[in-house]
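Tertiary structure, described
Each chain, written out:
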Amino acid sequence: MIRKTAAALLLACLALPVLADDKSESESNWNWQVSLGLSAWQEKSLLKDAPGNSALPVLPTLQFDVSYKNFFLETPSRRISSLSSYALWGYHIYQDEVWQVDAIWGSYMPFLDESGYTQHGFDVNEALRGISERQSDGSIGVRLQRFEDNQHFSVELVRDLDNAYRDFLLQTYYNYIIQARNWDIQLTLGLNLYSSALVDYYFGIRPHEVTPDRPLYKGKAAYRLHLGVSTLYPINEDWLLELGFGMNHYSKGVSDSPIVESSLEALGMVNVRYVF
């Protein structure tokens, strides 16, 4: 019933007329940009005894931004908060030169199993042996954005409907862009608010997962604070060099989990990609 209600609400949003000025009839309704690349990375993982990049030191990357009229499909990029990039589907409900409101659907939390996250490969992490799989979510919600000169602010409020944790997540980002010759530098500050249901699903320990070194744990509401910097440099007309570093600090609701190493998570990346 909840899924049907949410679907109906989304369809209602999609039926709303966009209040922004109409584009000229001669302008194409299609816009797209796609890039493929390779990324070398290293991390201080949130997870206990995670292997870092030993299994997959270089990862393929795919970024795209496709829109048709007011519908869009994008991969939020240049947020060095996770290697688990996600695709975001949506519809522009309202947009002008400064503000934008979107109905959105996407996955915000990565899949987790005995091996850790996807980038950790397939070998079982002994600290995680015996835990059940934590599925990635499928969340629907709304996003509010403000664009002003070299600043960008975004707030996303979504609810999981895909039988993962089935609760709310709030994600906010503030980006500040600095132009230095050919370098495009982005400074990012982010804050995520996690419900107790979300933390318990991904970081809680169920009775059947308990071991002598892994006690029962009931997750509590938590937050994640993100600080990041990323730079883009055009090698030529088609190739881009991207450098990035990000740090996440998790509150005790997450860091107290027996499968979490500490409250601090860090990630560094060097990415070379071709833009079509």
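Residues numbered from 1 in each chain as written. Predicted model: local features only at pLDDT ≥ 70, side-chain atom pairs only at ≥ 80, totals over all residues. Heavy atoms only, no water.

1. Some details on the overall build of the protein chain
- Counting its secondary structure elements, the protein chain contains three helices and twelve strands.
- Each of the 276 residues in the protein chain was classed as buried or not, and the buried ones make up 43%.
- A separation of at least 24 residues holds for 60% of the contacts in the protein chain among residues at least 6 apart in sequence.
- For the protein chain, the exposed area adds up to about 14,800 Å²; of that, 61% sits on carbon and sulfur atoms. (Helix = DSSP H or I, 4+ residues; strand = E, 2+ residues; numbered from the N terminus. Buried < 20%, exposed > 50% of the residue type's maximum accessible area, 1.4 Å probe, protein only. Contact = heavy atoms within 4.5 Å. Areas by Shrake-Rupley, 256 points an atom, 1.4 Å probe, with all protein chains shown as cover.)

2. What to know about the nonpolar core
- Among the nonpolar cores identified, the biggest contains 29 residues, and Tyr-165, Leu-169, Leu-198, Tyr-202, Phe-203 and Val-254 are the most heavily contacted of them.
- Residues contacting Leu-198, with those up to four places away along its chain left out, are Met-109, Tyr-165 and Leu-169.
- Of all hydrophobic cores here, the second largest spans five residues; its members include Trp-41, Leu-59, Ile-80 and Met-269. (Core = buried A, V, L, I, M, F, W, Y, C linked by side-chain atoms within 4.5 Å.)

3. What to know about the pattern of salt bridges
- Taken as a whole and judged by the stated rule, the model has eight salt bridges.
- Where Glu-148 meets Arg-146, a salt bridge forms, and the shortest distance between an N and an O atom there is 2.8 Å.
- Put simply, Lys-252 and Asp-256 hold a salt bridge, and the shortest N to O gap is 3.4 Å.
- The structure contains a network of salt bridges with shared partners spanning Glu-74, Asp-102 and Arg-143. (Salt bridge = Lys/Arg side-chain N within 4 Å of Asp/Glu carboxyl O.)

4. Here's the deal with the side chain of Ser-195
- For Ser-195, the position within the fold is in the loop between strand S9 (183-194) and helix H2 (196-203).
- Once residues lying within four places of it in the same chain are set aside, the contact partners of Ser-195 are Tyr-165, Asp-167, Phe-168 and Ala-221.

5. Quick word on the packing of aromatic side chains
- One pass over the structure, following the stated rule, counts seven aromatic pairs.
- A centroid spacing of 4.7 Å and a plane angle of 40° characterise the contact between Trp-183 and Tyr-233, whose relative ring orientation is tilted. Here Trp-183 is found in strand S9, whereas its partner Tyr-233 is found in strand S10 (residues 222-234), with 50 residues between them in sequence.
- The exposure class assigned to Tyr-233 is partly exposed, which follows from its relative accessible area of 28%.
- Geometrically, the ring pair formed by Tyr-274 and Phe-276 is edge-to-face, given 5.0 Å between the ring centres and 80° between the ring planes.
- Residue class for Tyr-274 comes out partly exposed when judged on its relative accessible area of 26%.
- Among the aromatic side chains, those forming a connected cluster through ring pairs are Tyr-165, Tyr-201 and Tyr-202. (Phe/Tyr/Trp six-rings, centres within 6.5 Å; stacked < 30°, edge-to-face > 60°.)

6. A few points about the pairing of S10
- For S9 and S10, the ladder comprises eleven bridges, and the chain directions are antiparallel. By the bridge assignment, Leu-193 is partnered in S10 with Tyr-223.
- Strand direction decides the pairing type here: S10 and strand S11 (residues 239-250), joined by eleven bridges, are antiparallel. Across the sheet, Pro-234 pairs through a bridge with Leu-240, a residue of S11.
- Connecting S10 to the antiparallel partner S11 that follows it, the hairpin turn spans four residues. (Pairing = 2+ DSSP bridges.)

7. So, the pairing of S9
- The sheet contact formed by strand S8 (residues 168-180) and S9 spans twelve bridges and is antiparallel. By the bridge assignment, Leu-169 is partnered in S9 with Tyr-194.

8. Describing the sheet that holds strand S3 (residues 71-74)
- Spatial ordering of the closed barrel is given by S1-S2-S3-S4-S5-S6-S7-S8-S9-S10-S11-S12, a layout of twelve strands whose pairing is antiparallel. Neighbour to neighbour, the strand axes of the sheet diverge by 20° on average, direction disregarded.
- Pairing of strand S6 (residues 139-148) with strand S7 (residues 151-160), which is carried by ten bridges, proceeds in the antiparallel orientation. Following the sheet pairing, Arg-146 is matched in S7 by Phe-153. (Axes fitted to C-alpha atoms, helices over the stretch in contact; angles between N-to-C directions.)

This is a description of form; function is not addressed.
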